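Breakdown of the fold
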Amino acid sequence: MAGLLFYSIIFSFQERAMILIVKHIDIEGPGTLGDFLKSQGEDFKIIELGAGEKLPSDLSLFKAVVVLGGPMNVDEEDKYAFLKPENEFIQKVLNAEIPYLGICLGSQLLAKAAGARVIKSPVKEIGWYNIQLTPEGKGDPLFEGFKPQDPIYHWHGDMFQIPANGKLLATAEGCPHQALKVGKNAYGLQFHVEVTDKSIKEWCDEYVANDLKGTESHAKSMMDDYWKYKKIFDNQAENLYRNFLNIINVKSIVSSN
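Notes on the structure in this doc start here. The numbers attached to residues start from 1 for each chain and follow its sequence in the written order. Reporting in this predicted model follows two pLDDT cut-offs: at least 70 for local features of residues, and 80 or more for side-chain atom pairs to be given and counted; totals over whole chains, interfaces and linings ignore these cut-offs and use all residues. Hydrogen atoms and water are omitted, and side-chain values are computed over all heavy atoms in the structure.

Re the overall build of the protein
Put simply, the rule is: Working definition: helices are DSSP H or I runs of at least four residues, strands are E runs of at least two. Numbering for both runs from the N terminus. Three labels apply to residues, based on accessible area from a 1.4 Å probe with only protein chains included: buried if under 20% of the type maximum, exposed if over 50%, partly exposed otherwise in between. Note on contacts: a residue pair is in contact if any heavy atoms of the two residues lie within 4.5 Å.
Along the backbone of the protein there are seven helices and 10 strands. Among the 257 residues that make up the protein, the fraction classed as buried is 51%. A sequence separation of at least 24 residues applies to 75% of the contacts in the protein between residues at least 6 apart.

Now the structure itself:
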């Protein structure tokens, strides 16, 4: 009976545990990642830091953390009050070895929390680019089944450095640091796998004046390419989401034993 009670408690905890998604700005949401998690019956909670919501103090409620993008730089703590407590929160996530996925700004925040700098990328990447996996990336479960011939969407001017306890998983000619892993199960992606046509349009409407210097033709080209690449891009993204979910589930099983 004691054994059954123990496993009942563990099962109950795993049922309650959810995925935390951290947003920094209204127009940069979970996109297709949120759709995938819903399709898999996964519970998740979205915290909107830009709207004044606070990060949770109890990490035991969450089996994974996803941190999304945003237009801010990781060091703009005086301008964005949530960045300092967010850095401390991510450090706690790392110490607890909770699976983490950072997208664009989220990857840069991961690198900073792990002790690395975030610098200007050699090339500001806005649009569709290819990346290549490093030997470490080819052997990592997050990138199982990844197809480097398929373009990935980018919108960033900064680039993370690799912390002492980190590994470079993906690279590219213009921006050599494209994906990293910190510790056992924390990942950062400099590129965006979650975008939809709606998010690309909203980003173009919001950011085009600063990032593209009013070049509306580039915005139209990006949208045209979205529809051109949509099927293979969505498949690539879903494969990565499924891999990350497997990593989460493996961690949950190991933690319960």
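With respect to the pattern of salt bridges
The line we're drawing: Salt-bridge detection follows one rule: a side-chain nitrogen of Lys or Arg within 4 Å of a carboxyl oxygen of Asp or Glu.
Overall, the coordinates contain 14 salt bridges when judged by the stated rule. The shortest N-O distance in the salt bridge between E88 and K84 comes to 3.0 Å. Of this pair, E88 and K84 are both found in helix α3 (residues 83-95), four residues apart, which corresponds to roughly one turn of the helix. Each of K23, D26 and E48 takes part in one network of salt bridges that share partners.

Let's talk about the side chain of S107
In plain terms, the rule: Polar contact is defined as a pair of N or O atoms within 3.5 Å, subject to the rule that within protein one atom must be able to donate a hydrogen and the other to accept it, and that residues adjacent in sequence are counted only when both atoms are side-chain atoms.
The residue S107 is located in helix α4 (residues 105-113) in this model. Exposure remark for S107: the relative accessible area of 0% places this residue in the buried category. Among the polar contacts made by the side chain of S107, one reaches the main-chain carbonyl oxygen of C104 at a distance of 2.5 Å. Discounting chain neighbours no more than four positions away, the residues touching S107 are G102, F160, L180, G188, L189 and Q190.

Considering the nonpolar core
Stated formally: Here, nonpolar core means buried Ala, Val, Leu, Ile, Met, Phe, Trp, Tyr and Cys residues that are tied together by side-chain atoms lying within 4.5 Å of each other.
Within the largest apolar cluster, 48 residues are counted, with the highest numbers of intra-cluster contacts made by F143, Y153 and L189. Not counting residues within four places of it along the chain, the set of residues in contact with Y153 comprises G127, W128, F191, H192, V195, I200, W203, M222 and F233. One finds M72, Y80, F89 and L105 within the second-largest nonpolar core, a separate group that totals 30 residues.

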